[in-house]
Protein chains: 2
Amino acid sequence: MSTPFLLGILGGMGPLATLDLMHKLLRATPASSDQQQIPHVVWNVPQIADRQRALAGTGPSPLPQLLYGVEQLNRVGVSHIAIACNTAHHWYEALAQHSDAPLLHIVDATLAVFDGKEKPRRVGIIATQGTLDAGWFQHGFTAMGIESVQPTQEELRQWFVPGCYAVKRGELRTGGELLSLQAQALRDRGAERLVLACTEVPVALAEVTSPHLAVSIDPAEALARQCARLWLAQRETWH
Amino acid sequence: MSTPFLLGILGGMGPLATLDLMHKLLRATPASSDQQQIPHVVWNVPQIADRQRALAGTGPSPLPQLLYGVEQLNRVGVSHIAIACNTAHHWYEALAQHSDAPLLHIVDATLAVFDGKEKPRRVGIIATQGTLDAGWFQHGFTAMGIESVQPTQEELRQWFVPGCYAVKRGELRTGGELLSLQAQALRDRGAERLVLACTEVPVALAEVTSPHLAVSIDPAEALARQCARLWLAQRETWH
């Protein structure tokens, strides 16, 4: 009954973004029956300190709650853990040290999308201040010879932050409209592609059928595809 | 860090129906922030014996895998468990005995929808042969003075069974068209309301924007609302 492959998803940040990752997992897995789909267990507990506020120094750290979630996922025997939140990757090192199961990294999965393909000159990054400050995507892009285009402080304040919190309140259309303005601003500054590096953004842009989706890379989808590849490599040995 | 309320969802039957229940949970909970949403952990492991075949005597029992899922949910401290599959309620008694956390019952949640309201004369039940044979809904309706209308063997073979398996293959539109024919047949025999007592059915009818949805009761939604009520009663005492 033990599962050689069992994906753990550390979610709840927010709970709707976690469902979005789960849908992407199912879509990324070619399957002609339920039994061929990726086995996963999901910690979707949103009672966790706000990541954006913690990184801005205006709220408590979510680390204790993240560690608790990782512990619970390990307790049920997960073989891998994916984190359904870009910003929460700030605590990646501490979580990885605390986990028997290896943790996948959403930035690695996203950067791998550009491997072996013709590179764009400029890529826009739609992300929280915390993710932008960490510089994960920018460092990766620099190493590939790609220039990063970032939102300004003013754009974050006016469009990105209220857009994300609208999604969290369930107002997807409002969120989509605000985040579309953010996307347009980055493209106006020369971004040929966009990385939607906050799990609320693709959900909101899909709600308003945004044309920006056509040039966007969704890290949640990149992560889902990485999970699906791991599962497909082991699927034949299962049950 | 312990959670006085933590809903466990025994899912994977199929994995998409589990996501559907999770969406309904989020929609059933009034929340203005992530933190107000229902905390839940989801066992979405579809490597489980086919329930319909087990009950037809043509396949192995899913009970060992269901018991394993219940054990894992208990291991992470769930306070309640909901089962995201009507047919799996066949093994409800064995699972409830095996669980420290109480198990909710999807049929009780569904029958409660009729409490204190004017009763329809006839209600159609769209369900697997196993669920129909168990008679859970029919017994409940008889006790309320409501007549049940069931699919015939021929209808199940022609519409219901292929419709469900189409959904499981990801062919939602095909599934929706077949299940709409099943719904129409029950209404033609006098059903004023329909109970969509297989978790694939509401997903598929929504895909084809079926007019039958307007007179339908979705047990997954009834179950989600029951979970939300339990959470709301405790929410103020949390964090």
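Residues numbered from 1 in each chain as written. Chains lettered and ligands numbered in written order. Predicted model: local features only at pLDDT ≥ 70, side-chain atom pairs only at ≥ 80, totals over all residues. Heavy atoms only, no water.

By the naming in an unreviewed UniProt entry, chain A goes by Aspartate/glutamate racemase family protein and is assigned to Klebsiella michiganensis. Check the Sequence similarities (unreviewed entry) section of the UniProt entry for chain A; it says "Belongs to the aspartate/glutamate racemases family." (UniProt positions renumbered as here; feature names shortened; annotations may be inferred.)

Enquirer: How should the nonpolar core be read in this particular structure?
Expert: Nonpolar side chains in soluble globular proteins tend to end up buried together. Core analysis: the biggest nonpolar cluster contains 105 residues, and F141(A) and F141(B) have the highest contact counts within it. The residues contacting F141(A), other than those within four sequence positions of it, are L111(A), F114(A), V123(A), I125(A), I146(A), S148(A) and V195(A). The next biggest cluster of nonpolar side chains, apart from the first, holds 46 residues, and it includes L6(B), L10(B), V70(B) and I83(B). (Core = buried A, V, L, I, M, F, W, Y, C linked by side-chain atoms within 4.5 Å. Buried < 20%, exposed > 50% of the residue type's maximum accessible area, 1.4 Å probe, protein only. Contact = heavy atoms within 4.5 Å.)

Enquirer: How do you make sense of the pattern of salt bridges when you look at a structure like this?
Expert: Once the charged atoms of two side chains with opposite charge are near each other, the side chains can pair. Residue and element names in this part refer to chain A. For the structure on display, the rule yields 24 salt bridges over all chains. In this structure, K24 and D20 form a salt bridge, with 2.4 Å as the shortest nitrogen-oxygen distance. Linking K24 with D20, this pair stays in helix 1 (residues 15-28), spanning four residues, or about one helical turn. For K24, a relative accessible area of 7% translates into the label buried. (Salt bridge = Lys/Arg side-chain N within 4 Å of Asp/Glu carboxyl O. Helix = DSSP H or I, 4+ residues; strand = E, 2+ residues; numbered from the N terminus.)

Enquirer: I keep staring at the relation of the copies chain A and chain B and nothing clicks. Help me out?
Expert: What relates the two chain copies is a rotation about an axis together with a slide along it. At an RMSD of 0.0 Å, chain A and chain B line up after a rotation of 180 degrees and a shift of 0.0 Å along the axis. Taken together, the rotation angle and the small translation identify this as a two-fold axis. Minimal C-alpha separation from the rotation axis in chain A is found for V42(A), amounting to 2.5 Å. Of all interface residues in chain A, 100% are interface residues in chain B too; the two copies therefore contact each other through one and the same surface. (Least-squares fit on C-alpha atoms with pLDDT ≥ 70 in both.)

Enquirer: Help me understand the interface of chain A and chain B, please; the structure alone is not making it clear to me.
Expert: One widely used convention gives an interface's size as the accessible area the parts lose upon coming together. In this complex, chain A contributes 44 residues to the contact, which on the side of chain B involves 44 residues. For the pairing of chain A and chain B, the buried interface totals around 3400 Å² over both sides, and the portion due to carbon and sulfur atoms is 64%. A salt bridge links D34(B) to R51(A); the nearest nitrogen and oxygen atoms lie 3.9 Å apart. Counting across the chain A and chain B interface gives twelve residue pairs in polar contact (both at pLDDT 80 or more). Listing elements by their share of the side of chain A that touches chain B, those giving two or more residues are helix 1, strand 2 (40-44) and helix 3 (63-75) of chain A. For the side of chain A that touches chain B, the element with the highest residue contribution is helix 1 of chain A, accounting for six residues. Split by residue class, the side of chain A that touches chain B holds 23 nonpolar, 15 polar and six charged. Summarising the sheet, strand 2 of chain A and strand 2 (residues 40-44) of chain B pair through five bridges and their orientation is antiparallel. Within strand 2 of chain B, the residue paired with H40(A) across the bridge is N44(B). (Buried area = accessible area lost by both parts, 1.4 Å probe. Polar contact = N/O pair within 3.5 Å; in protein donor to acceptor, adjacent residues only side chain to side chain. Nonpolar A, V, L, I, M, F, W, Y, C, P; charged D, E, K, R; others polar. Pairing = 2+ DSSP bridges.)

Enquirer: Mind showing me how you'd approach the domain arrangement of chain A here?
Expert: All names here are of chain A. Once the domains are mapped, chain A shows domain 1 (7-105 + 221-236) and domain 2 (108-218). The straight-line distance from the C-alpha centre of domain 1 to that of domain 2 is 20 Å. In this assembly, domain 1 packs against domain 2 so that about 1700 Å² is buried in total across both faces, 52% of it on carbon and sulfur atoms. At the junction of domain 1 and domain 2, the tally comes to one salt bridge. Ionic pairing is found between D218 and K24, a salt bridge with its closest N-O pair at 2.4 Å. On inspection of domain 1 and its partner domain 2, the count reaches eleven residue pairs in polar contact (both at pLDDT 80 or more). Sorting the residues of the side of domain 1 that touches domain 2 by element identifies helix 1, helix 2 (51-55) and helix 11 (219-235) as the ones contributing at least two each. A breakdown of the residues in the side of domain 1 that touches domain 2 according to their chemical character gives eight nonpolar, eight polar and six charged. (Domains from an automatic or database assignment.)

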